[in-house]
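Observations on the model geometry
Here are the chains, one letter per residue:
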Amino acid sequence: MFPVFNLFSTSPQFNDYSNEYKKFDAVFTNPALLKVFCLQCDLFSLGKIKIFKKDVEQLDDPLLKLLTNPNPFQSDSQLLWDLMFWYMMGNVYCYVDSNVPENTDNKIYFLEPHKMEWPTDFNPKKDKFIFSKKSEKDLMDTFITYRFEDGSTIKIPLTKIICLSDLSNGSGNWFKGKSRIDALYKIISNNESSLDAININTRYSGKFLVAGQSDPKDVTKLPLGKEEKDDIETKVNGRKQVHAVKSLIEIKRFVENIGALKLDEAYRTSYFLIGSMFNIPKDVLEAYLVGATFENQEKATARHVSYTLQPKGDDFFGALGRRFGYTDQGKTIKIDWSHLPFMQVFEKDRALTNNMQVQTMTAMLKLGIDIKEINLFLNTNFKSAKYEQPKPAGNPPA
């Protein structure tokens, strides 16, 4: 298990490879933590990447082709899965080879933080303010050493890496934020201990303690010798259904009541605590564990996408858009989940809201209120509206 973050450090440190790797390893060795990661990443990877220019979707934008196949090994869904995974780890380092979207040889990769070696002279610059373009250029011209598992390395200029943090990057290091996993250390440790306890108790639940009953005040009787112990164990493990003994013996399980320990409940508690740390609603967590009512699950999932996943997607694709110059061109890269069934909950709510607005506007028109005042009151943008008084009912003239 990884150590607690050094409380005496003023900021996250570069080149702390062991701590970064232990956090990475903890995700894949702790089932509760991994389940929360998979839930979040699976849901995020269902999004669709779209590009707009003045609210018009650009279906043939060259960047869409790159995002569909960002590198020879991954699809757009896997790219999104990895993006959320590294967000949850604490820091996202995205390598973009070229800033030209039309470049057919362009590649996008997410870098593993525990394989990145920052130059030692970069450490004093990590929290400095920049006031000029020259200072920014000098900083971004830094080369990062990326070390592969076989020991080989490549040099990557910082200008080709998009650096984003899950939490604030203003806590003493512009390029490395702190991780929520640091705060989960004890919860993950408790979860590991509960799983160990389940394993131990399960193994010992099939074992028994056999003891003879004797009067402790009778000092004339000697305790069981080795031969007598072996004889009792042989008879108890034998196939005979009935055993005749001179003195009554007592048989007890090593584990009398494993359910009373509530070890499964301890696992579930860890799962919910970890999920809440990543802002996942209880209804969503329950749906992936024990099930929840369909309506509550759909609403909770839709809200989770809007309030937690959408901001992370906007943050990354905003940075990617700036990298390719799309912001200056009036283009916006967005990730959208509206095609998924649970997002229809919002469509229903939106239709009800629109209907209420129309009813309110009709009532205001009846009172003779001007359309400009109605738009201001309802936050709408109607160009014109007129209310016609219904004609009284009666027989038409002959």
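Just so it is clear, the model here is predicted, and its values are computed rather than measured. (Residues numbered from 1 in each chain as written. Predicted model: local features only at pLDDT ≥ 70, side-chain atom pairs only at ≥ 80, totals over all residues. Heavy atoms only, no water.)

1. Notes on the overall build of the chain
Per the secondary structure count, the chain includes 13 helices and 11 strands. Across the 398 residues in the chain, those meeting the buried criterion constitute 35%. Taking all contacts inside the chain whose residues are at least 6 apart in sequence as the whole, residues at least 24 apart take part in 70%. Of the roughly 25100 Å² of accessible surface on the chain, 54% is carried by carbon and sulfur atoms. (Helix = DSSP H or I, 4+ residues; strand = E, 2+ residues; numbered from the N terminus. Buried < 20%, exposed > 50% of the residue type's maximum accessible area, 1.4 Å probe, protein only. Contact = heavy atoms within 4.5 Å. Areas by Shrake-Rupley, 256 points an atom, 1.4 Å probe, with all protein chains shown as cover.)

2. Concerning the side chain of D61
On the secondary structure map, D61 appears in the loop between β2 (56–57) and α3 (62–68). For D61, the side chain forms a polar contact with the side chain of Y326, separated by 2.5 Å. In this view, D61 contacts I51, Y326 and K331; residues no more than four positions away in its chain are not counted. (Polar contact = N/O pair within 3.5 Å; in protein donor to acceptor, adjacent residues only side chain to side chain.)

3. Observations concerning the state of the cysteines
Scanning the entire structure with this criterion turns up 0 disulfides. Looking at C94, it has no disulfide partner, and the nearest cysteine sulfur is the one in C163, 9.8 Å off. For C163, a relative accessible area of 21% puts it in the partly exposed group. (Disulfide = S-S within 2.5 Å.)

4. Quick look at the packing of aromatic side chains
Aromatic ring pairs: the centre-centre distance and the angle between the two ring planes describe each pair. Taken as a whole and judged by the stated rule, the model has 21 aromatic pairs. Seen in terms of ring centroids, W118 and F122 are 5.4 Å apart; in terms of plane orientation they differ by 35 degrees. Their pairing is tilted. F122 matches W118 in its accessibility class, with the two residues each being buried. K331 extends its terminal NZ or CZ atom over the ring of Y326, reaching a point 4.7 Å from the ring centre. One residue, K334, lies across the ring of F52, its end atom 5.2 Å from the ring centre. (Phe/Tyr/Trp six-rings, centres within 6.5 Å; stacked < 30°, edge-to-face > 60°. Lys NZ or Arg CZ within 6 Å of the ring centre and 35° of its normal.)

5. Some remarks on the pattern of salt bridges
Side chains that differ in sign of charge can pair as their charged atoms come close. If you walk through the whole model with that rule in mind, you get 14 salt bridges. Measuring nitrogen to oxygen at the nearest pair gives 2.5 Å for the salt bridge that ties E117 to R147. One end of the pair, E117, is in strand β5 (residues 116–117); the other, R147, is in strand β6 (residues 143–147), and 30 residues separate them in sequence. With its nearest N and O atoms 2.9 Å apart, the salt bridge here joins D141 to K137. If you follow the salt bridges from partner to partner, you end up with E112, K115 and E149 in one network. (Salt bridge = Lys/Arg side-chain N within 4 Å of Asp/Glu carboxyl O.)

6. Overview of the sheet that holds strand β7 (residues 153–157)
As summarised here, the arrangement of the 3 strands in space is β5-β6-β7, forming an open sheet in which the pairing is antiparallel. Two strands in the sheet have a free side with no partner beyond their single neighbour: β5 and β7. Across 5 bridges, the pairing between β6 and β7 is antiparallel. Bridge pairing in β7 places T145 opposite K155. (Pairing = 2+ DSSP bridges.)

7. Focus on unusual backbone geometry
Phi is positive for K54, close to 55 degrees, though the residue is something other than glycine. With respect to the helices and strands, the residue K54 is situated in the loop between β1 (48–53) and β2. Looking at K54, the relative accessible area reads 73%, which means it is exposed. Positive phi is not limited to glycine here, since D55 has a value of about 65 degrees. Positionally, D55 belongs in the loop between β1 and β2. Assessed through its relative accessible area of 73%, D55 is described here as exposed.

8. Here we look at the pairing of strand β3 (residues 91–96)
Within a regular strand, side chains alternate between the sheet's two faces. The buried count for β3 comes to 6 of 6 residues, which makes it a mostly enclosed element. Judged by which residues are buried, β3 turns out to be covered on both faces: N91, Y93 and Y95 on one side and V92, C94 and V96 on the other are all buried. When β3 meets strand β4 (residues 108–110), the two strands line up antiparallel, connected through 3 bridges. Looking at β4, one finds that V96 is bridged to I108.

9. Looking at the side chain of R323
Inspection of the secondary structure puts R323 in helix α11 (residues 294–323). Of the side chains bearing the opposite charge, E136 lies closest to the buried R323, which forms no salt bridge; the N-O distance is 9.2 Å. (Lys, Arg positive; Asp, Glu negative; His and termini not counted.)

10. What about the environment of F44?
As for its position among the elements, F44 is in helix α2 (residues 31–44). In this structure, the C-alpha to C-alpha distance between F44 and K312, residues 268 residues apart in sequence, is 9.6 Å. Excluding residues within four positions of it along the chain, F44 makes contact with L80, L83, M84, L309, G313, I335 and W337.

11. Regarding the packing of α2 against helix α4 (residues 76–89)
The N-to-C vectors of α2 and α4 enclose an angle of 140 degrees; their axes lie 8 Å apart at closest approach. Between α2 and α4, the angle is such that the two are oblique. As α2 packs across α4, the resulting crossing turns out to be right-handed. Of the residues in α4, those in contact with V36, F37, C38, Q40, C41, D42 and F44 of α2 are L80, W81, L83, M84, F85, M88 and M89. Of the residues that constitute the contact of α2 with α4, the class distribution is 12 nonpolar, 1 polar and 1 charged. (Axes fitted to C-alpha atoms, helices over the stretch in contact; angles between N-to-C directions. Parallel < 35°, antiparallel > 145°, perpendicular 65-115°, else oblique. Left-handed = near helix turned anticlockwise from the far one by under 90°. Nonpolar A, V, L, I, M, F, W, Y, C, P; charged D, E, K, R; others polar.)

12. Re the nonpolar core
Side chains of nonpolar character tend, in soluble globular proteins, to be buried together. With 60 residues, the main nonpolar core has F37, L67, F85, F316, F317, L320 and I333 as its most contacted residues. Looking at this core element by element, the count peaks at 10 residues for α4. Excluding its chain neighbours within four sequence positions, the residues that come into contact with F317 are I49, L67, L80, I333 and I335. (Core = buried A, V, L, I, M, F, W, Y, C linked by side-chain atoms within 4.5 Å.)

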